[in-house]
Amino acid sequence: MPPSVPRIPSLSTASVKNRCFHAATNGYHHQEPVPVPAYNYATLLQRSAATADPRLAASLHGALLKPGLLSSDLFLCNHLLIAYFKSRLHRRGLRLLDEMPRRNAVSWSVAIAGLTQGDQPREALALFRRMRLSGCPPNEFALASALNASSFLGATGTGRARQLYAIAVRLGFESNVFLMNAFLAAMVRHGHLADAAQLFDDACVRDIVSWNTLLAGFARHWCEHGWILWRRMVREAVGADGFSFSTVLSGLAARASLSSGLQVHAQLVKSGFGDDVYVGNSLVEMYMKSKCLVDGTRAFNEIRCKDVVSWTEMAAGCLHCGEPAKAIGIFSHMMLDGVMPNSYTFSTAANVCASLTDLNEGRKVHGYVIKLGDDSDVGVSNALIDMYAKCGSVSCAYKVFQSMQQRPVISWTAMIMGFAQNGLAREAVEVFDDMLLKGMTPNYVTLICVLYACSQGGFVDEGWIYFNAMEDKFGVQPREDHYACMVDLLGKADRIEEAEELISRMPFRPGVLVWQALLGASRLHGNEAAGRRAAKHALALEKDDPSTYMLLSNMLAGRYNWDSAGRVRGLMGDTEIMKLPGSSWF
């Protein structure tokens, strides 16, 4: 944004303020109105911009037209432009810009910044071109706003950013750190991290924003490089701020790198950022992603002013650490603390209930969602569909699905899987067909789910149709999961030879999952020869996988081949391959 105009001294008394404001916004109340000085209008326009009040901005515009101040006072015009764009009245702001008899660089930069901040990047860049065509040389604020706008464009954004920065260099702004940071942010947002790193290294001047911008890009895409950059910050004694610590901790959380996270934790304590809520939230996330529940809980308890992210991150961490019951307790304490949940909180709570298969708690979560008006959030609805399906209430899952105004592919996929997992294979296939009729294109996971549904229902013909259409019609290359579903489908239908033929025609080496699917089907139909072949291939790929041993042992026992079954189980014991207690692989 352009630099703020020097502060205008306030009027001496509140009564004079009120009288001026009343006169400016309501017009004549006496036969001879008291003229309002221009600087009083500037004060009122600053107030309008600060409060983003569209009605006040429009009223002041009307009041300024009467004495003809706008036609002669560029200073007031620029203030009115700021008020309009801060109030998101973009059309009125652009109309005012067109009607202004004179414009300066501040006028153009205000409008360009307003459009950029108002999520209209293309319009902002078009206005920047108009500014240059008008003969007005852009200032650093117009250039920075245009660079920011270019970062929100698609494939053309990178080229636009390079052109804009070239203009900045030609105008003598090559040493301006403000513009360099804007260009750096554009490169990072477009994923050109190598170019961003080169720009950073070549820069003659850098500040903490420069370091943070590149650090955030690395943390999002190249985690290892983010850690290298952080260590460079420490070596060069760059004064890291709360954003720096939060960013590097989030990057380490994605990598579950506990040893590096401990080093950063020690550094942030020395730097005095231990009380920062954003840093604290990232610290909790880092410990929880590393499955350090005790340390994560300690970090959570040390956050003085916990926000909704703090509580939700803690609950999600408990779920990630295999303690969903503790997550329920976290949500209860959060509500008692008076913290308002957000959509991420509700999605996490639904996932917790799904993990516990606790339908009653899940219904409570759904009730809160409806009460607080988050039932239109797509992510929350998807989590509710998954929760209801895993709790066995597929009818409630379908009601949530039907109530959704927008259904992206992930919603259709969740509903297909929900039906299939609850033994309603025909309904799952019907949802998939309805999805195609609605013009939705299934993705990699959707096709796994529908093939799984066909396997559950024994729909061989439909399965072949969907499988053969994957690449040609849907543009999805079949991978091992898809082949495993087809092998399972054919095997369950006692078409073992057809399943083996499909495996022989795979364009890549079959993995363990495919051979285990064939082994499971062979066990089901007592085809010991095919089962032994499948087990041989599976064990050659992964000899320590207990699932293969158990499937083979159960198949042999089913054929009353007790000696061979015993030898397989003995082999498991000899090689210290253990089945987890209370779990099943078939």
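Residues numbered from 1 in each chain as written. Predicted model: local features only at pLDDT ≥ 70, side-chain atom pairs only at ≥ 80, totals over all residues. Heavy atoms only, no water.

## Observations concerning the overall build of the protein
Move 1: A count of helical and extended segments in the protein gives 33 helices and zero strands.
Move 2: Per-residue burial for the protein yields a buried fraction of 49% across its 586 residues.
Move 3: Excluding contacts between residues fewer than 6 apart, the proportion of contacts in the protein whose partners are at least 24 apart in sequence is 62%.
Move 4: Counting only carbon and sulfur atoms, one obtains 53% of the accessible surface of the protein, whose full area is about 28900 Å². (Helix = DSSP H or I, 4+ residues; strand = E, 2+ residues; numbered from the N terminus. Buried < 20%, exposed > 50% of the residue type's maximum accessible area, 1.4 Å probe, protein only. Contact = heavy atoms within 4.5 Å. Areas by Shrake-Rupley, 256 points an atom, 1.4 Å probe, with all protein chains shown as cover.)

## Overview of the pattern of salt bridges
Move 1: Taken as a whole and judged by the stated rule, the model has 16 salt bridges.
Move 2: In this structure, the salt-bridge partner of E236 is R232, at a minimum N-O distance of 3.0 Å.
Move 3: The shortest N-O distance in the salt bridge between D295 and R298 comes to 2.8 Å. With D295 and R298 both in helix α17 (residues 293–301) and three residues apart, this pair spans about one turn of that helix.
Move 4: Residue class for R298 comes out partly exposed when judged on its relative accessible area of 44%.
Move 5: Shared partners join several salt bridges into a network, and the residues in it are D201, R232 and E236. (Salt bridge = Lys/Arg side-chain N within 4 Å of Asp/Glu carboxyl O.)

## Comments concerning the UniProt feature "repeat: PPR" (unreviewed entry) in the protein
Move 1: The positions that UniProt labels "repeat: PPR" (unreviewed entry) are, in the present scheme, residues 104–138, 307–341, 377–407 and 408–442.
Move 2: End C-alpha atoms of residues 104–138 are separated by 9 Å, and the span's content is 74% helix alongside 0% strand.
Move 3: Here residues 307–341 runs as 74% helix and 0% strand, with 9 Å between its end C-alpha atoms. (UniProt positions renumbered as here; feature names shortened; annotations may be inferred.)

## Some remarks on unusual backbone geometry
Move 1: Backbone geometry places R88, a non-glycine residue, at a positive phi of 60°.
Move 2: One can find R88 in the loop between α4 (74–86) and α5 (90–99).
Move 3: In this structure, K291 is a non-glycine residue whose phi angle is positive, near 60°.
Move 4: Residue placement: K291 occurs in the loop between α16 (277–289) and α17.
Move 5: K291 sits in the exposed class, given a relative accessible area of 55%.

## Some remarks on the state of the cysteines
Move 1: For the structure shown, the criterion picks out zero disulfides.
Move 2: Of all cysteine sulfurs, the one in C391 lies closest to C396, which takes part in no disulfide; the gap is 9.9 Å. (Disulfide = S-S within 2.5 Å.)

## What about the environment of L258?
Move 1: Its place among the elements puts L258 in helix α15 (residues 258–271).
Move 2: Sequence separation of L258 and K291 is 33 residues, and the distance between their C-alpha atoms is 9.2 Å.
Move 3: Not counting chain neighbours up to four residues away, the residues in contact with L258 comprise M286, Y287, S290 and C292.

## A short note on the confidence of the model for the protein
Move 1: Predicted confidence across the protein gives a mean pLDDT of 85, with 86% of residues reaching 70 or more.
Move 2: Overall, residues 1–34 carries pLDDT values under 50, and its contacts beyond four positions in sequence, including any with other chains, amount to 44 contacts.
Move 3: Counted against residues more than four places away or in other chains, residues 558–586, with its pLDDT under 50, gives 39 contacts. (pLDDT = per-residue confidence, 0-100.)

## Points about the packing of helix α22 (residues 378–390) against helix α23 (residues 394–403)
Move 1: For the pair α22 and α23, interaxial distance at closest approach is 7 Å and the crossing angle is 165°. Our classification of the angle between α22 and α23 gives roughly antiparallel. As α22 runs across α23, the sense of the crossing is left-handed. Facing S381, L384, I385, Y388 and A389 of α22, the residues of α23 in contact are V394, C396, A397, V400 and F401.
Move 2: When grouped by side-chain class, the residues that make up the contact of α22 with α23 number nine nonpolar, one polar and no charged. (Axes fitted to C-alpha atoms, helices over the stretch in contact; angles between N-to-C directions. Parallel < 35°, antiparallel > 145°, perpendicular 65-115°, else oblique. Left-handed = near helix turned anticlockwise from the far one by under 90°. Nonpolar A, V, L, I, M, F, W, Y, C, P; charged D, E, K, R; others polar.)

## Considering α23
Move 1: Buried within α23 are the following residues: V394, C396, A397, V400 and F401. End-on view of α23: buried residues confined to an arc of 160°, all on one side of the axis. Relative to its buried face, α23 has exposed residues pointing more than 90 degrees away, namely K399 and S403.
Move 2: If you follow the buried residues of α23, they end up packed against α21 (359–371), α22 and α24 (409–421). (Arc of directions from axis to C-beta.)

## Considering the side chain of H366
Move 1: You can see H366 is positioned in helix α21.
Move 2: A relative accessible area of 17% places H366 in the buried class.
Move 3: In this view, H366 contacts L384, Y388 and V400; residues no more than four positions away in its chain are not counted.

## What to know about the packing of aromatic side chains
Move 1: For the structure shown, the criterion picks out 14 aromatic pairs.
Move 2: A ring pair is formed by F300 and W311, whose centres lie 5.2 Å apart and whose planes are at 75°; its orientation type is edge-to-face. In this pair, F300 is assigned in helix α17 and W311 in helix α18 (residues 308–320), connecting sequence segments eleven residues apart.
Move 3: The exposure class of F300 is buried, given its relative accessible area of 5%.
Move 4: Under the relative-accessibility criterion, W311 is labelled buried at 8%.
Move 5: With 6.1 Å between their ring centres and 80° between their planes, W464 and F467 make a pair best called edge-to-face. Taken as a pair, W464 and F467 lie in helix α27 (residues 460–474) at a separation of three residues, close to a single helical turn.
Move 6: Residue classification places W464 among the buried positions, given a relative accessible area of 17%.
Move 7: When its relative accessible area of 8% is taken as the criterion, F467 is described as buried.
Move 8: By the ring-pair criterion, three or more aromatic residues cluster together here, those being Y398, F401, W412 and F419. (Phe/Tyr/Trp six-rings, centres within 6.5 Å; stacked < 30°, edge-to-face > 60°.)

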